Amino acid sequence: MGHSSKEVATLDNAPISEILDGAKRGSTVHLAQLRNRTLKNYTLEFMEVFLLYLQVPEPGFQPTRHQVECAEISFFALLEVVRGSQEYDESLADATGERLATAFKGILCWICCILNLRPDMWPLTLVHELPTNKVQVHDAVASLLLVLCKVHPSVHNIAVTDNFFIELCLMWWVATDQGEPLLYPTGHRNNPTDKDGEGRDLIICLMELAIQANPKGMATCIKSERICTPQLFYLKAARRMVLLSRINQLKHLSHYPNITAENYNLRCMGVLTDNVTIPDPALYEVMMETRVPELYMEALEMISSRSWLASSDYHKKKCFGEILHISQTVIAWTAMRASHVVSTTRGVVEKGLVKLLGNTMCVADEQQNKPWEFIFQVLVSLSTSPKIIALLDPAFTQYIYPKLHSLAEKNVAKGLVTPAISTLKAFASYLDKKTRIRICDNLDHRARTGAVAQGRRPQKEMTCSTCHSVVYCSKKCQREDWEARHRDECHAMAREYLETKRAGTRYWHNTRSFQLTILRRLYEPSSFMWNTSSRPFHNDYQGRRLVITLDAADISDPTTLDVLDDYVKNTTPLLAPHLLKRFNQFVARFKADSPPRSKLALARGIGKDKGTMGLVNGTFFFGDKEVNVVTMFKKSKNTGDPFCNFDVENSMVYTCSHRDRYGTHGGRDGHMERNLKLLYGPNVRELDMFMRSQRRNSS
């Protein structure tokens, strides 16, 4: 600068009127002296002088060196004004904030001059690597913008909608210092207002603020590629996450210990990544391609392992709480799109998801109840895929099962994990294909053979060679089904097969046989609800046929009941046109199984072989798709499974978008009550008997 500290000191005793006059005339010495006095005797008049040098310039304006120097002094003076605003009285603070809001555009323009930037043409070399002598200036500018946004709501509202402000945040996000993203660039991380010693990284806070208020604006800026490509944005995010797990690997932060509280920054990373990505499908695809969930999980697992060395249980619980909340977000990303479910789940499991859960089990408390419940509900949902349960089962055996027995009975984690583990173990028992149900898609199979498909499992030649979508136990069944219905649906199924295979969302027969076997296992304990002495199997209190929908991912309340006609009415619009014929024939066979309603006919044994079938809609979630396995179960003593008394009469599959099965069924709280009323109606005695048996079982 064109002045020295000695020159500024010569004006220490000068009257304020002289300082103000000199500063207005453009004397950098008087302007610097005014900045010094601002710390002790701030008034709005001082700020007006500084803002004289931060006005919006005319188009094509080229600042002189002197003008840039005055702007720099004014800029850093404003930083001190804003930092001290909490100590001003309310009226002065409000007036300061409102005036800064009107001057914000000019401040941004002079930031360009100070940083030597041109908003119309970003210097890509600057984006990749900041000059070492400029890092401190960039840090100071970012500090001012952050405190400006917090000083008054009007400043915040103007800032987050300004394109150049958003571009600045993104530029600092991808910029590097000595090859690494900017993370505590000045080497100081402690926030003096935080009693736990947690850090507040400037760039992370600024980016989180911008995205939280204007996620669409940031997403548009990222996709425009003016500053960086979307891939670079996510790569820098992933790298920051890794660095937060071991900040002392950075040279300028090597003096910090291995165990460093970065809870606030971790929380911001999860929030900002989620907010900018989820509303935009294109950015979600980029995030998956750059393996952000796996890299985030790797960092979280490392932090959870190191947190065991924390000095107190309080710090462990606080850190583990943040880790679980971010893990909940990462798991939600994993399960969002069908095209990425298997590969991304494999990645997060291999990067330490289950180990992380094992690390956090012993200190779980009520505050961590929701993320624990969410994570395990998603894992149970994902484990209905044989590829995913094959990954989860050995990981749980290594990291969860050994720790579960040592937990206290009242431990929150134990209460949440135990039912989930029972479900996962049951699912894993069907990984062996020899234990699964054999499939034959010929609806007339039982009528022809008198039993479900027996002997060896269907081989490749039993699958339709055109559509690859139906499978048979024999060539006779294949020919029979072709003549009856498959001729009308084959070409449409072939198109669907190619589309889903290209998109990575193909529903394979391996998955279907696995899920069909799971469905039978889930259906067995539910079927007792229909088995009453006063009426036939699978009827409601009025004698109408019922359909049960089983949500395989819902451990606590998986059952939904519908009258058959209502179920058909609600399901038909969801079916692809080529499936309607098969579905209608499927329903007709279930209706034909209805027993006579006449008590006299039943007493005479007429239709005694009727009413032994149950129609079940098994719901399995696969990313953003809902896979529905519609199955007719028939009572049998020769199922090949000691836990089940039902064979599969017929089954078919349709997919649709996620549905809220509680919304039209009394909501989550009234869901079971609606089911029971449909079953028992006004039969209070029978309902009371059922509820008493439920209480006995629970006790």
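Residues numbered from 1 in each chain as written. Predicted model: local features only at pLDDT ≥ 70, side-chain atom pairs only at ≥ 80, totals over all residues. Heavy atoms only, no water.

**Q** It is not clear to me how the sheet that holds strand β5 (residues 613-622) should be interpreted in this structure. Could you clarify?
**A** Sheet strands pair via backbone hydrogen bonds, and the direction of the pair is either parallel or antiparallel. One open sheet holds the five strands; their spatial order is β4-β3-β5-β6-β7, and the pairing between them is mixed. Each edge of the sheet is formed by a strand with only one pairing partner; in this case those strands are β4 (559-563) and β7 (646-657). Strand-to-strand twist in this sheet, taken as the mean axis angle between neighbours without regard to direction, amounts to 25°. Sheet analysis places strand β3 (residues 546-551) next to β4, joined by five bridges and oriented antiparallel. Pairing of Leu 546 across the sheet is with Val 563, part of β4. Sheet strands in contact with helix α28 (residues 580-592) are β3, β5, β6 (625-635) and β7, and its direction is about 145° off that of β7. (Pairing = 2+ DSSP bridges. Helix = DSSP H or I, 4+ residues; strand = E, 2+ residues; numbered from the N terminus. Axes fitted to C-alpha atoms, helices over the stretch in contact; angles between N-to-C directions. Contact = heavy atoms within 4.5 Å.)

**Q** Explain the packing of aromatic side chains to me, please; I cannot follow it from the model alone.
**A** Aromatic ring pairs: the centre-centre distance and the angle between the two ring planes describe each pair. Counted under the stated rule, the structure contains eleven aromatic pairs. Relative to Tyr 234, the ring of Phe 233 lies with its centre 5.0 Å away and its plane at 80°, an arrangement referred to as edge-to-face. Tyr 234 carries the same exposure label as Phe 233, and that label is buried. Here the aromatic cluster, defined as three or more aromatic residues joined through ring pairs, consists of Trp 372, Phe 376, Phe 396 and Tyr 401. Above the face of the Tyr 264 ring, Arg 200 is positioned so that its terminal group lies 3.8 Å from the ring centre. Of note, Arg 337 hangs over the ring of Tyr 284, and the distance from its end group to the ring centre comes to 4.7 Å. (Phe/Tyr/Trp six-rings, centres within 6.5 Å; stacked < 30°, edge-to-face > 60°. Buried < 20%, exposed > 50% of the residue type's maximum accessible area, 1.4 Å probe, protein only. Lys NZ or Arg CZ within 6 Å of the ring centre and 35° of its normal.)

**Q** Please explain the pairing of β6 as it appears in this structure.
**A** The side chains of a regular strand alternate, first on one face of the sheet and then on the other. Along β6, nine of the eleven residues are buried, which leaves the element largely enclosed by surrounding structure. What sits between the antiparallel neighbours β5 and β6 is a turn of two residues, in which Gly 623 has the positive phi angle 65°.

**Q** Where do I start with the nonpolar core in this structure?
**A** The tendency in soluble globular proteins is for nonpolar side chains to be buried side by side. Within the largest apolar cluster, 186 residues are counted, with the highest numbers of intra-cluster contacts made by Phe 165, Leu 168, Trp 172, Trp 173, Met 218, Leu 357 and Phe 396. Judged by nonpolar contacts, the second largest core, of 27 residues, contains Tyr 472, Cys 477, Val 568 and Leu 615. (Core = buried A, V, L, I, M, F, W, Y, C linked by side-chain atoms within 4.5 Å.)

**Q** Sorry, what's going on with unusual backbone geometry here?
**A** Of all residues except glycine, most have a negative phi; of all peptide bonds, most are trans. Positioned with a positive phi, Gln 178 is a non-glycine residue whose angle comes to about 55°. Classification of Gln 178 as exposed rests on a relative accessible area of 58%. Positive phi values are uncommon outside glycine, yet Arg 291 reaches one of about 60°. With respect to the helices and strands, the residue Arg 291 is situated in the loop between α15 (281-289) and α16 (292-306).

**Q** Whenever I open this one, the environment of Val 160 confuses me. Can you help?
**A** For Val 160, the location among the structural elements is in helix α9 (residues 153-160). On the basis of relative accessibility, which here comes to 5%, the residue Val 160 falls in the buried class. Setting aside its immediate chain neighbours within four residues, Val 160 contacts Phe 165, Ile 166, Leu 209, Ala 210, Ala 213 and Asn 214.

**Q** Can you help me understand helix α21 (residues 386-399) in this one?
**A** Owing to its 3.6 residues per turn, the α-helix brings residues three or four apart onto one side. Between its first and last C-alpha, α21 extends 20 Å over 14 residues, near the 20 Å set by a 1.5 Å rise per residue. Listed as buried for α21 are Pro 386, Ile 388, Ile 389, Leu 392, Ala 395 and Phe 396. (Expected span 1.5 Å × (residues − 1).)

**Q** How should I be thinking about α15 in this particular structure?
**A** Those residues of α15 that fall on the buried side of the exposure criterion are Leu 283, Tyr 284, Val 286, Met 287 and Met 288. Those residues of α15 hidden inside the fold are in contact with α12 (215-224), α13 (230-244), α14 (263-277), α16, α17 (313-334) and α18 (341-350). Structurally, the start of α15 carries an N-cap: the backbone nitrogen of Ala 282 is 3.1 Å from a side-chain oxygen of Asp 280. One or two residues past the end of α15 sits Arg 291, with phi positive at roughly 60°. (Polar contact = N/O pair within 3.5 Å; in protein donor to acceptor, adjacent residues only side chain to side chain.)

**Q** I tried to follow the packing of helix α6 (residues 90-115) against α9 on my own but got confused; where do I start?
**A** Two quantities define a packed helix pair, namely the angle between the helix axes and the distance between the axes. α9 packs onto α6 with a crossing angle of 20° between their chain directions and a minimal axis gap of 7 Å. The orientation of α6 with respect to α9, classified from their angle, is roughly parallel. The element α6 and its partner α9 pack so that their crossing is left-handed. Facing Gly 97, Glu 98, Leu 100, Ala 101 and Phe 104 of α6, the residues of α9 in contact are Ser 154, Val 155, Ile 158 and Ala 159. In terms of residue class, the contact of α6 with α9 is built from six nonpolar, two polar and one charged. (Parallel < 35°, antiparallel > 145°, perpendicular 65-115°, else oblique. Left-handed = near helix turned anticlockwise from the far one by under 90°. Nonpolar A, V, L, I, M, F, W, Y, C, P; charged D, E, K, R; others polar.)

**Q** In this structure, what is going on with the packing of helix α8 (residues 135-151) against helix α10 (residues 163-174)? I would like to understand it.
**A** Orientation of α8 relative to α10, taken along the N-to-C sense of each, is 135°, at an axis distance of 12 Å. With respect to their mutual orientation, α8 and α10 come out oblique. Regarding α8 and α10, the two cross each other, and that crossing is left-handed. Contacts between α8 and α10 involve His 138, Val 141, Ala 142, Leu 145 and Cys 149 from the former and Phe 165, Leu 168, Met 171 and Trp 172 from the latter.

**Q** I tried to follow the pairing of β7 on my own but got confused; where do I start?
**A** Counting buried residues in β7 gives nine out of twelve residues, a clear majority hidden from the surface. With eleven bridges connecting them, β6 and β7 associate as antiparallel partners. Along β7, the bridge assignment pairs Val 629 with Val 653.

**Q** What exactly am I supposed to notice about the pattern of salt bridges here?
**A** When charged atoms on two side chains of opposite charge get close, those side chains can pair. For the coordinates displayed, the defined rule picks out 20 salt bridges. Across the salt bridge formed by Arg 267 and Glu 322, the nearest N and O atoms sit 2.7 Å from each other. Remark: Glu 322 occurs in helix α17 and Arg 267 occurs in helix α14; sequence separation between them is 55 residues. Between Glu 489 and Arg 582 there is a salt bridge, with its nearest N and O atoms 2.6 Å apart. Here Arg 582 lies in helix α28 and Glu 489 lies in helix α25 (residues 475-503), a separation of 93 residues in the sequence. Note on accessibility: Glu 489 and Arg 582 belong to one class, buried. Put simply, Asp 444, Asp 481, Arg 485, Glu 489, Arg 582 and Arg 589 are held in one network by salt bridges that share partners. (Salt bridge = Lys/Arg side-chain N within 4 Å of Asp/Glu carboxyl O.)

**Q** Which parts of the structure should I look at to understand the environment of Asp 21?
**A** Its place among the elements puts Asp 21 in helix α2 (residues 16-25). Asp 21 gets classed as partly exposed once you look at its relative accessible area, which sits at 42%.

**Q** Please clarify how the confidence of the model for the protein should be interpreted in this entry.
**A** A low pLDDT score tells you not to read the predicted coordinates there in detail. Looking at the protein, the pLDDT average stands at 82 and 82% of residues meet or exceed 70. Here residues 530-536 is modelled with pLDDT under 50, and outside its nearest four sequence neighbours on either side it reaches 21 contacts, counting other chains as well. (pLDDT = per-residue confidence, 0-100.)

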